[in-house]
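# Examination of the molecular architecture
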Amino acid sequence: MDSLKDFLKLKGYSKIKLKFTKTNHFEIKATINGVKGQFILDTGASNSCVGFEAIERFNLKVKDSEIKAVGAGASDMLTQISTSNSIKVGKWKKNRVALILFNLSHVNNGLINHNAEPVDGIIGADILKKGNAIIDYEKKYLYLKL
């Protein structure tokens with residue numbers, strides 16, 4: 001039998017390396033609007049997010065949002081939304097992607113307190129669903145359908 005990698009390659013998937021961190025998260029590199037960044041891969045996050053401080057860096061056009069963000073250790077956080085963004089993860093690309101913006105300081109403070117590097121945001125289930133994602137936890141790879 002072929003390996004998972006070979007099988008998924010035949011099915012048109014792209015392989016992206018995941019980094020397992022000291023905080024037991026997977027981190028992944030992604031490009032938003034042509035700018036590279038570091039992100040936590042979070043299957044439990046409904047939407048992909050970036051911090052308010054990343055608005056200029058990723059060239060985001062933002063609007064206020066009525067939605068309040070809820071996450072581990074925080075709730076009722078003010079949010080903004082940015083639509084019509086391009087995202088690239090490995091060879092996989094998608095245009096017209098919406099991103100939620102909120103204060104990521106509690107996430108990054110937690111990472112820093114555990115001697116891990118801060119991140120620019122979170123890649124959530126919205127992107128994983130769009131890419132028909134498959135995660136190989138043992139080999140530490142994310143596969144997205146091209």
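Quantities reported herein were computed from a predicted structural model and do not represent experimental measurements.

Now for the overall build of the chain. The helix and strand tally for the chain stands at 3 helices and 13 strands. The C-alpha radius of gyration computed for the chain amounts to 15 Å, which stays within 12% of the reference 15 Å derived for 146 residues, consistent with globular compactness. Each of the three principal axes of the chain carries a C-alpha extent, and together these read 50 × 35 × 25 Å. Sorting the 146 residues of the chain into buried and exposed places 42% on the buried side. The long-range fraction of contacts in the chain, counting pairs at least 24 apart against all pairs at least 6 apart in sequence, stands at 57%. Per element, the accessible surface of the chain, about 8,800 Å² overall, is 51% carbon and sulfur. Taking the average location of the 23 positive side-chain charges in the chain and that of its 14 negative ones, the two points are 9 Å from each other.

Using the criterion set out here, one finds 4 aromatic pairs in the structure. Seen from their ring centres, Phe39 and Phe58 are 6.1 Å apart, and the 35 degrees between their planes marks the pair as tilted. Residue Phe39 is found in strand β4 (residues 35-41), and its partner Phe58 is found in the loop between β5 (49-51) and β6 (62-64); the two are separated by 19 residues along the sequence. The residues Phe39 and Phe58 share a single accessibility class, namely buried. Seen from their ring centres, Tyr141 and Tyr143 are 6.4 Å apart, and the 50 degrees between their planes marks the pair as tilted. The exposure class of Tyr143 is buried, given its relative accessible area of 3%. Clustering of aromatic rings is evident, with ring pairs tying together Phe20, Phe26 and Tyr137. Over the ring of Tyr141 we find Lys17, and its NZ or CZ is 4.6 Å from the ring centre.

Here the focus is the environment of Ser105. One can find Ser105 in helix α2 (residues 105-113). In this structure Ser105 comes out as partly exposed when scored by relative accessible area, which is 34%. Through-space distance from the C-alpha of Ser105 to that of Asp126 is 22 Å; in sequence the pair is 21 residues apart.

Tallying each qualifying case throughout the model produces 1 salt bridge. Put simply, Asp120 and Arg57 hold a salt bridge, and the shortest N to O gap is 2.5 Å. With Asp120 in the loop between α2 and β11 (121-123) and Arg57 in the loop between β5 and β6, the pair connects residues that are 63 residues apart, well separated along the chain.

Pairing in this open sheet of 3 strands is antiparallel, and the strands run β1-β13-β12 from one edge to the other. The open sheet is flanked by β1 (13-17) and β12 (134-136), the only strands paired with a single partner. Neighbour-to-neighbour, the strand axes of this sheet turn through a mean angle of 25 degrees, independent of strand direction.

Here we come to the pairing of strand β3 (residues 26-32). Burial runs high along β3: 6 of the 7 residues are buried. Hairpin remark: strand β2 (residues 19-20) followed by β3, antiparallel, with 5 residues in the connecting loop; positive phi at Asn24, about 65 degrees. As defined by bridge partners, β3 adjoins β4 across 7 bridges and the pair is classed as antiparallel. Each bridged residue has a counterpart across the sheet, and for Thr31 the counterpart in β4 is Lys36. In this antiparallel pair of consecutive strands, β3 and β4, the connection spans 2 residues, and Asn33 shows a positive phi of 50 degrees.

What counts and what doesn't
Going along each chain's sequence as written, the residues are numbered from 1 onward. Reporting of local features is limited, given that this is a predicted model, to residues whose pLDDT is at least 70; pairs of side-chain atoms are given and counted only at 80 or more, and all residues count toward the totals for whole chains, interfaces and linings. Water and hydrogen atoms play no part in the side-chain values, which are based on all heavy atoms of the structure. We count a stretch as a helix when DSSP gives it H or I for four or more residues in a row; a strand needs E for two or more, and each element gets its number in order from the N terminus. We compute the radius of gyration from the C-alpha atoms alone; for a globule the expected value is 2.2 Å times N to the 0.38, where N is the number of residues. Summary of the burial criterion: residues with accessible area below 20% of their type's maximum are buried, those above 50% are exposed, and those between are partly exposed, where the area comes from a 1.4 Å probe applied to protein chains only. Contacts were defined at the residue level, with two residues in contact if any of their heavy atoms lie within 4.5 Å. Where accessible areas are quoted, they stem from the Shrake-Rupley method and a 1.4 Å probe; at the residue level, only the protein chains shown are allowed to cover. The positive count covers Lys and Arg only, the negative count covers Asp and Glu only, and His and the chain ends enter neither. Where a charge lies is defined by one atom per residue type: Lys uses NZ, Arg uses CZ, Asp uses CG and Glu uses CD. Two rings from Phe, Tyr or Trp (for Trp, the six-membered ring) form a pair when their centres sit within 6.5 Å of each other. Planes less than 30 degrees apart are called stacked, planes more than 60 degrees apart edge-to-face, and all others tilted. Two conditions define a charge located above a ring, namely a distance within 6 Å from the ring centre to NZ of Lys or CZ of Arg, and an angle within 35 degrees of the ring normal. Salt bridges are defined by distance alone: a side-chain nitrogen of Lys or Arg within 4 Å of a carboxyl oxygen of Asp or Glu. Strand pairing follows a simple DSSP-based rule, namely that at least 2 bridges must link the two strands. In this analysis an axis means a line fitted to C-alpha atoms, helices contributing only their contacting stretch, and an angle means the value between N-to-C directions, from 0 to 180 degrees.

The analysis is restricted to geometry; functional conclusions fall outside its scope.
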